[in-house]
Structures are given as C-alpha cells and as structure tokens.
Amino acid sequence: MNLPIYMDNHSTTQVDPRVVEEMIPYFTAHFGNAASRNHSFGWDADKAVEVGRERLAKIIHADPKEIIFTSGATESNNLALKGVVEMYAEKGNHIITQVTEHRSVLDTSKRLEKSGINVTYLPVDRDGLVDPEDVRDAITDRTVLISVMLVNNEIGVIQPVEEIGKIAKEKGVLFHCDATQGIGKVKVDVQSMGIDLLSFTAHKLYGPKGTGALYVRRKSPRVRLAPMMDGGGHERGMRSGTLNVPGIVGFGKACEIAMEVMEEESARLLYLRERLRKGMMDSLESVYLNGHPTRRMPGNLNLSFAYVEGESMLMGLKEIALSSGSACTSATLEPSYVLQALGISGELAHSSVRFGLGRFNTEEEVDYVIGRVIETVNRLREMSPLYEMVKEGINLKDVTWGKH
Ligand SMILES: *Cc1c(COP(=O)(O)O)cnc(C)c1O
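Definitions and limits used
Residues numbered from 1 in each chain as written. Predicted model: local features only at pLDDT ≥ 70, side-chain atom pairs only at ≥ 80, totals over all residues. Heavy atoms only, no water. Pairing = 2+ DSSP bridges. Helix = DSSP H or I, 4+ residues; strand = E, 2+ residues; numbered from the N terminus. Axes fitted to C-alpha atoms, helices over the stretch in contact; angles between N-to-C directions. Contact = heavy atoms within 4.5 Å. Near = heavy atom within 4 Å. Polar contact = N/O pair within 3.5 Å; in protein donor to acceptor, adjacent residues only side chain to side chain. Areas by Shrake-Rupley, 256 points an atom, 1.4 Å probe, with all protein chains shown as cover. Nonpolar A, V, L, I, M, F, W, Y, C, P; charged D, E, K, R; others polar. Domains from an automatic or database assignment. Buried area = accessible area lost by both parts, 1.4 Å probe. Salt bridge = Lys/Arg side-chain N within 4 Å of Asp/Glu carboxyl O.

A. The sheet that holds strand β4 (residues 118-122), seen in detail. The strand order across the open sheet built from seven strands is β2-β8-β7-β6-β5-β3-β4, with neighbouring strands paired in mixed fashion. Two strands bound the open sheet, and with one partner strand each, they are β2 (67-70) and β4. Each strand of the sheet is rotated relative to its neighbour by a mean of 20°, with strand direction disregarded. Pairing between strand β5 (residues 143-147) and strand β6 (residues 174-178): three bridges, direction parallel. Bridge pairing in β6 places L145 opposite L174. On the sheet, helix α6 (residues 161-171) packs against β5 and β6 and is oriented at approximately 160° with respect to β6.

Pasting the structure below:
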C-alpha cells in the first residue's frame, strides 16, 4: 500500500490510465482544430469530438446533437441558469432551486437576484432531501426554470429528480439538473427523469479537468439558450470557443468506461463504504452519519465525530486526503452550509469529515484509514475537557458556563 492515500473523490478523481492513453494522440499527431473544415487535421479532430459527443449522449440517454461542450460543470451551470433566464425573460422572471446546491448554482442564482430575478431556495429535510411537493407549490406562472441537483457533493444524497421532472413537465417549466456527482455512479436518463438541461464534468468521473458539458433538450420542448460567450458560433451557437479536443476525447472515454463498470463498481464501493463506516462506528461512540442513510451514492460517507474538530482530525491524518465540513474562508472557519441546511448544529458540522471513495481505493486502504481515524479521534478526545465531562456523566446541556 502506498501513502498518501487519496480518499477525496468528490473533489476530483485520478484520470483513469485508459483515458490518458486515448487522449495522448490528440496532443501530438491529431492536434487539429475541430472547426478547421479544409484539411485532414481538422477532420480528424472533428471526428474524435463527435465520438466523444456520442459517448456522453449515451450515458445520459440523449441525442449527440443535444450535447454542448464547456470548460466544466461550473460553466455549464452558469450557462443553464443565465442562458434560460435571459432567453425566457418575456415568459417570466422566477426560478426555483434549493439550499444545498453547489456554489456554482447558488452564486449564479444570487447574481441573477441582483438583476431583478426572483429566486426561491427550497429547504431540505433532516436527511438532506427536497420534497417534490415543495417544488410544485413554489411554481408560479412567472417560473421559467427549476434547478435541483442529482447527487449532493458533500453528503452524497440522491434527490428525487424523477418526481421533480414529472412536476416540471406537468407545469410546463424547464428543469435543469446538476448531475456532476451522479454521472457514472448512479443511473441517469434524461427522458425518464424529465430533464431539459443537465450539467456534468469529466474530472469527477476519472476524466481530465477543464472539460464539461451541458445537455440541452432539442425536442419536446426545444430548449433555447442565450449564449454567455460571443464568438465563432461553435456548439450550435450556445458556446463559442475552440473545442478542447483531447479533453473531449478523454471525457468520452471516461463515460464509456463508467457505463461498462458502473454496476460492479457501485457494488464494490458500497461494500468498502459500509466496511469503513462500521469499522469506525463500532469502535467509536458519538459518531453520526450525515445525510440519508440509504438514498446516497455508494462512494460517499459523511460523518460527524462529536467533541472533535474535523479540521484537527485532518491535521492529524496528513497521509490521508479527506475533506472536512468547514470551509476555510480567509480568517473564519465557516461550518458547511449543506450540513447546516439539514439542521445539524454548528458544532457537529465542524466535527464532520467527508470520505470520498473511488475507483482506485482498496480494502487495504480502507482498513488503514479505519485504524488511523480511531487512533486520532481517541487522542483528540482525550485532550477535550468537554468529552471528559460527558464521560463523567455530566449533561452538557445542563451546565451553566461561567463568564470570564
Ligand atoms: C465539482 C462540482 C461542480 C463543478 O464542476 P467543475 O467542472 O469543477 O467546474 C459542480 N457541481 C457539483 C455538484 C460538483 O460536485
């Protein structure tokens, strides 16, 4: 087993060697611009792009013509929200999203609010799930878009996208889904899920960074988008700019591999996750699972270790790459807005750690992590006066703290 161990696969993933291999010729022999119409360099590049487009379309059950290449899911989310709002301005000025979306949806929504758009941010329940009936109730005759993610990037919960899609169709409102964390991990079908726009990115599924896509429905309804980028009119005029050919080749290969291995890989990751969870929870008390216990993607485990700061844990676990539920924003340590939206206290949010298992993690690594986490949590708790009091049977809620 090699150190350090990478267990932060929701942040990004290692590029699969089969993906790298397929990309390399597109930096060297086939370096052409896919928009060059007059020579074989351009034709070769264009052919490779179209193979990539087909593979992306296949994994979400779309038509290749409905795939628009972008620089990543951040751009795809920006294009979906801003593009729809601008294009459908005459129809309305209201969009619906929810509080645990990725920053690229929430911050885009905030910017739209500044330009006079009304945004409804739906709450989630204790498990992190949106109630589809809340979506229905929020729709008005001015609503132009609903944006709800498929899989949450912190707690891994799977939103009831199919139900929301049905409601959107019934009401004639466009439905955008940020499926970045779900593609290649859970089944996605834009037809049965009633999705009109869908964002995803290569680097979360063992492909390269800097290549993303937006699915834009062409039929029933035909979705129109105002472009964010003016230029050569690439990608049906929705996204100008020379295509990242090697990136697209890699993205396509990553999708092809994901489709092949998804079932087997999901079962393996679920086994590893449950081994990891039980291993830690059986030896440590006061450990809490964040997010729905079963409606979550296989590789995600988000736990709060009471009386211990997540950040301190990570500092004690330097040879393991993990994420804590606190975002280091300059001077202050903000507890995760996702965990807070679930009604989890600031303290427990600060105590959270996200384990992101992926294709290249092994059982040996999982067992090593279990041992090191137990050791570190026990050591930190021994130094915690609060934990001492709890062990002595004092209920912290009954304590009146002195003022200093
Ligand atoms: C990573 C991520 C994004 C951003 O993707 P980039 O390609 O890095 O811009 C958007 N949404 C979710 C849910 C993500 O996990």
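B. Summary view of the site of the ligand. Residues in close proximity to the ligand total 14 residues, the closest being T74, D178, Q181, T201 and K204. Here D178 contributes a side-chain N or O atom positioned 2.7 Å from a nitrogen atom of the ligand. Contact distances for the ligand include 2.7 Å between an oxygen atom and a side-chain N or O atom of K204. Protein burial of the ligand: of its 390 Å² of free accessible surface, 88% is covered by the chains. Ranked by the residues each element gives to the shell around the ligand, the list is headed by helix α3 (residues 73-87), at three residues. Partitioned by chemical class, the residues of the shell around the ligand number two nonpolar, ten polar and two charged.

C. Representation of the domain arrangement of the protein within the structure. Taken domain by domain, the protein holds domain 1 (5-9 + 262-396) and domain 2 (17-257). Using C-alpha coordinates to define each centre, domain 1 is positioned 30 Å away from domain 2. On the domain 1 side of the contact with domain 2, R295, M297 and Y337 bury the most area, a combined 28% of that side's loss. Linking domain 1 with domain 2 are zero salt bridges. Taken together, domain 1 and domain 2 are joined by 13 residue pairs in polar contact (both at pLDDT 80 or more). Elements with a minimum of two residues in the side of domain 1 that touches domain 2: α7 (245-283), β10 (300-305) and α9 (337-341). Ranked by residues supplied to the side of domain 1 that touches domain 2, first place goes to α9 with four residues. Considered class by class, the residues forming the side of domain 1 that touches domain 2 number eleven nonpolar, ten polar and five charged.

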